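Read off the chains here:
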Amino acid sequence: MSIRQDTRHLYLQVIEQIKHDIEKGLYLEKEKLPSEFQLSKSLGVSRATLREALRILEEESIVTRRHGVGTFVNPKPVFTSGIEELDSVTGMISKSGMTPGSQYLSAELIEPTEDERNRFSPVSLHKLAKVERVRTADQQPVVYCKDRIPDGLIPLDQVREADSLFGILERYTGKSISYAVTDIEPIGYHERISPILNCEPDQALLLLKQMHYTKEDEPVLLSSNYFRADKFSFHVLRKRV
């Protein structure tokens, strides 16, 4: 494709061409792209146009730019899900054809913060059970999970062996999670969590903060899940109103 024969903005054409070249295998995952000088010359555009295209490609997590080193192709996410679809981490991993697992870290009773009391309102909290685990796919760590549940809903000694908290909640309480309110926050390197997930220093995480409710609108599970951004992608279906 000749960049100059298209009437769209040049940087959009550059973005499409680089994506096409990656898709066709011209540039492989984790491979360094040619220098800005070489790329701009081969595409027939200015370096300013190329930089704008690379900036957007980085925002889309297609590439990663390392200052003074170069631009590298990101691996494609292994797991993808519509954010409007409420599925457990176990379900997402299973649907990808991989084996889900858990590495239990801790379970303890804590005093709820004021924010946690507000989030669980109108449920009256005495203590919260806080559970921390690493979720694995084919034994590779991919998600760090921090879950908080009102004390007394489930026995903590069962958490060690369980893959899905959704399943435990339903088994011991008869309450099924119906929906969740979710906040998504992209974050950079996390001093504690990133090493546990075997992340590179420049590798991003996706933090999903979710309050889960039963069909009776009862809040039963507050989770903070840190997903490896190179392994997971989320999308949403938006309809015109």
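Structure: above.
Anyway, here's the lowdown on the structure attached to this text.

Turning our attention to the pairing of strand β6 (residues 140–150). Regular strands show a simple pattern: their side chains alternate between the two faces of the sheet. Most of β6 sits out of view: nine of its eleven residues are buried. Here strand β5 (residues 128–137) runs beside β6; their pairing, made up of ten bridges, is antiparallel. Among the inter-strand pairings, leucine 128 is bridged to a residue of β6, identified as proline 150. A loop of two residues connects β5 with β6, the two strands running antiparallel in sequence, and aspartate 138 in this loop sits at a positive phi of about 50 degrees.

With that settled, consider the pairing of strand β2 (residues 70–73). The pairing of strand β1 (residues 63–66) with β2 spans four bridges and is classified as antiparallel. Residue pairing for β2: valine 63 is matched across the bridge by valine 73.

Let's shift gears to the pattern of salt bridges. Across all of its chains, the model carries 15 salt bridges by this definition. Arginine 65 is paired through a salt bridge with glutamate 58; the nearest N and O atoms lie 3.2 Å apart. Relative accessible area serves as the criterion here: at 30%, arginine 65 is assigned to the partly exposed category. Accessibility expressed as a relative area gives 30% for glutamate 58, which makes it partly exposed. Here the salt bridges share partners, and the residues they tie into one network are Glu108, Lys130, Glu132 and Arg192.

Before going further, it helps to examine helix α2 (residues 36–43). Leu39, Ser40 and Leu43 are the residues of α2 that are buried. Seen along its axis, α2 keeps its buried residues to an arc of 95 degrees; they face one direction. Seen from the buried face of α2, the exposed residues on the opposite side, beyond 90 degrees, are Phe37, Lys41 and Ser42. Glycine 44 sits one or two positions beyond α2 and adopts a positive phi of about 75 degrees.

The rules behind these values
Residues numbered from 1 in each chain as written. Predicted model: local features only at pLDDT ≥ 70, side-chain atom pairs only at ≥ 80, totals over all residues. Heavy atoms only, no water. Buried < 20%, exposed > 50% of the residue type's maximum accessible area, 1.4 Å probe, protein only. Helix = DSSP H or I, 4+ residues; strand = E, 2+ residues; numbered from the N terminus. Pairing = 2+ DSSP bridges. Salt bridge = Lys/Arg side-chain N within 4 Å of Asp/Glu carboxyl O. Arc of directions from axis to C-beta.

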